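The chain contents come next:
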Amino acid sequence: MNIYTKSGDKGKTSLVGGRRVEKCDAQVDVYGTIDELNSHIGLLAAFPCHSGKERDFLRQVQRQLFRLGGFYSFDFLSGKPFSLPFLEESDVKGLEDAIDGMEACMSPLKSFILPGGTQAAAQAHVARTVCRRCERKMVAFAGIPSCEATREAVARSYVNRLSDFLFVQARYINFKEKKEEVSY
């Protein structure tokens, strides 16, 4: 199989289900931003400051983002039911548990902090901001049919919680590396 198909040379791409849309379509923008976020998390996972368990958790997040991207790349106008693997409430809970575990090790946040610290922490902040942009694009995209409202609600909760996780991850990395945070 060739990586290039030439089918996108004129500015269109296919949704899952076959319908062709412009590459600047709001739906493509959503799943493209999910892909960008996934890449930033891959870079974050590549830093050596993570234990094996922490890296495994980030890889799990990447897999969950693939499921989320699959949802947003689906052609909802096809009339076919969405049948790809999707996120569960337990995935949101997993992020909450990870946040709670990291926060239990650190002193509470008492002021706004500037993004930065170690390179890995700075990368977590970059991923967080991409995650927030992704969330805004998800909210702005109005193409999810009402029959998918439950999945859309889980998707929004997941991405919202993921941005919280990435913020705490940045703080936790700096904490582990004994790098002082810079207050605003």
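This is a predicted model, so every value here is computed, not measured.

**Concerning unusual backbone geometry**
Even without a glycine there, the phi angle at Lys178 is positive, about 55°. Summarising the element assignment, Lys178 is placed in the segment after helix 5 (149–176). Lys178 gets classed as exposed once you look at its relative accessible area, which sits at 76%.

**Quick word on the pattern of salt bridges**
Counted by the stated rule, this structure contains 13 salt bridges. We note a salt bridge from Asp29 to Lys137, for which the minimum N-O separation is 2.7 Å. You can see Asp29 sitting in helix 1 (residues 26–45) and its partner Lys137 sitting in helix 4 (residues 119–140), a full 108 residues away along the chain. The class for Lys137 is partly exposed, based on a relative accessible area of 23%. Among the ionic pairs, Glu148 bridges to Arg151, the shortest N-O distance being 3.1 Å. Taking relative accessible area as the criterion, Glu148 reaches 8% and is therefore assigned buried. By relative accessible area, which is 29% here, Arg151 ends up partly exposed. What emerges from the salt-bridge pattern is a single network uniting Arg132, Glu135 and Asp164.

About the criteria used
- Residues numbered from 1 in each chain as written.
- Predicted model: local features only at pLDDT ≥ 70, side-chain atom pairs only at ≥ 80, totals over all residues.
- Heavy atoms only, no water.
- Helix = DSSP H or I, 4+ residues; strand = E, 2+ residues; numbered from the N terminus.
- Buried < 20%, exposed > 50% of the residue type's maximum accessible area, 1.4 Å probe, protein only.
- Salt bridge = Lys/Arg side-chain N within 4 Å of Asp/Glu carboxyl O.

Any link to function would need more than the numbers given here.
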